[in-house]
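# Observations on chain architecture
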Amino acid sequence: MKKTFYKIIKIGLANLIIIVLFIVILEGGASLYFAYQGARQEIKKEPFLAERLHTEYDPLLGWINKPNISIDHMYGPNVYLKTNSQRFRNKNDFTIRIPKGKIRIIC
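The sections below set out a description of the structure shown in this document. (Residues numbered from 1 in each chain as written. Predicted model: local features only at pLDDT ≥ 70, side-chain atom pairs only at ≥ 80, totals over all residues. Heavy atoms only, no water.)

### A closer look at the pattern of salt bridges
Applying the stated rule across the entire model yields 1 salt bridge. Residue R87 pairs with E56 through a salt bridge whose shortest N-O separation is 2.7 Å. Separated by 31 residues along the polypeptide, R87 in the segment after β4 (81–82) and E56 in strand β1 (residues 55–58) bring together distant segments of the chain. Of the residues examined, E56 reaches a relative accessible area of 30% and is grouped as partly exposed. (Salt bridge = Lys/Arg side-chain N within 4 Å of Asp/Glu carboxyl O. Helix = DSSP H or I, 4+ residues; strand = E, 2+ residues; numbered from the N terminus. Buried < 20%, exposed > 50% of the residue type's maximum accessible area, 1.4 Å probe, protein only.)

What follows is the structure, given as structure tokens:
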């Protein structure tokens, strides 16, 4: 009688272990599937470009700076970006007339 009882317990425990392993494998597979789907969605998204913070599209010139932008630590610690109202990377605006003794080159 004892042998039969132990045999039933062994079979029951073996079945329980098999069921638990099946559930763990099923859950792990589902987790991998959903992680894969999430990664695919992230890859399909348009990547973040820092330049989008301070530029806008101009149909004639392409991408131009936005006016009056100030972004601290834009390109690293203590490396800021400032644009003036004329969209130049500068803190100050420039006069239309060129001051005497100065030459202006715009790239």
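### Here we look at the environment of I71
Locating I71 in the fold gives a position in strand β3 (residues 70–71). Note on I71: relative accessible area 18%, which makes it buried. For the pair I71 and T83, spaced 12 residues apart in the sequence, the C-alpha separation amounts to 9.3 Å. Among residues more than four places away in sequence, those in contact with I71 are L53, H54, Y80 and L81. (Contact = heavy atoms within 4.5 Å.)

### Focus on the side chain of N84
Within the secondary structure layout, N84 lies in the segment after β4. On the basis of relative accessible area, N84 is assigned to the buried category, the value being 2%. Excluding anything up to four places from it in sequence, N84 contacts P67, N68, N90, K91, N92, D93 and F94.

### With respect to the pairing of strand β2 (residues 62–65)
Pairing between β1 and β2: 4 bridges, direction antiparallel. In the strand pairing of β2, Y57 is matched with W63. (Pairing = 2+ DSSP bridges.)

### What about the packing of aromatic side chains?
Applying the stated criterion across every chain, the model contains 4 aromatic pairs. When the centroid spacing of 5.4 Å and the interplanar angle of 70° are considered together, the rings of Y33 and F34 count as edge-to-face. Of the residues examined, Y33 reaches a relative accessible area of 46% and is grouped as partly exposed. With a relative accessible area of 58%, F34 lands in the exposed category. Aromatic pair Y57 and W63: ring centres 5.5 Å apart, planes at 70°, arrangement edge-to-face. Above the face of the Y80 ring, K82 is positioned so that its terminal group lies 5.3 Å from the ring centre. (Phe/Tyr/Trp six-rings, centres within 6.5 Å; stacked < 30°, edge-to-face > 60°. Lys NZ or Arg CZ within 6 Å of the ring centre and 35° of its normal.)

### A few points about a nonpolar patch on the surface
A contiguous nonpolar surface patch, about 680 Å² in accessible area, is contributed by F5, Y6, I9, L13, L16, V20 and V24. Among the secondary structure elements, Y6 is positioned in helix α1 (residues 2–44). (Patch = residues over 30% accessible without salt bridge, like charges linked within 9 Å, V, L, I, M, F, W, Y side chains within 5 Å. Areas by Shrake-Rupley, 256 points an atom, 1.4 Å probe, with all protein chains shown as cover.)

### A word on the environment of Y75
With respect to the element layout, Y75 can be found in the loop between β3 and β4. C-alpha of Y75 to C-alpha of Q37: the two residues are 38 residues apart in sequence and 32 Å apart in space. The residues contacting Y75, other than those within four sequence positions of it, are E51, H54 and R89.

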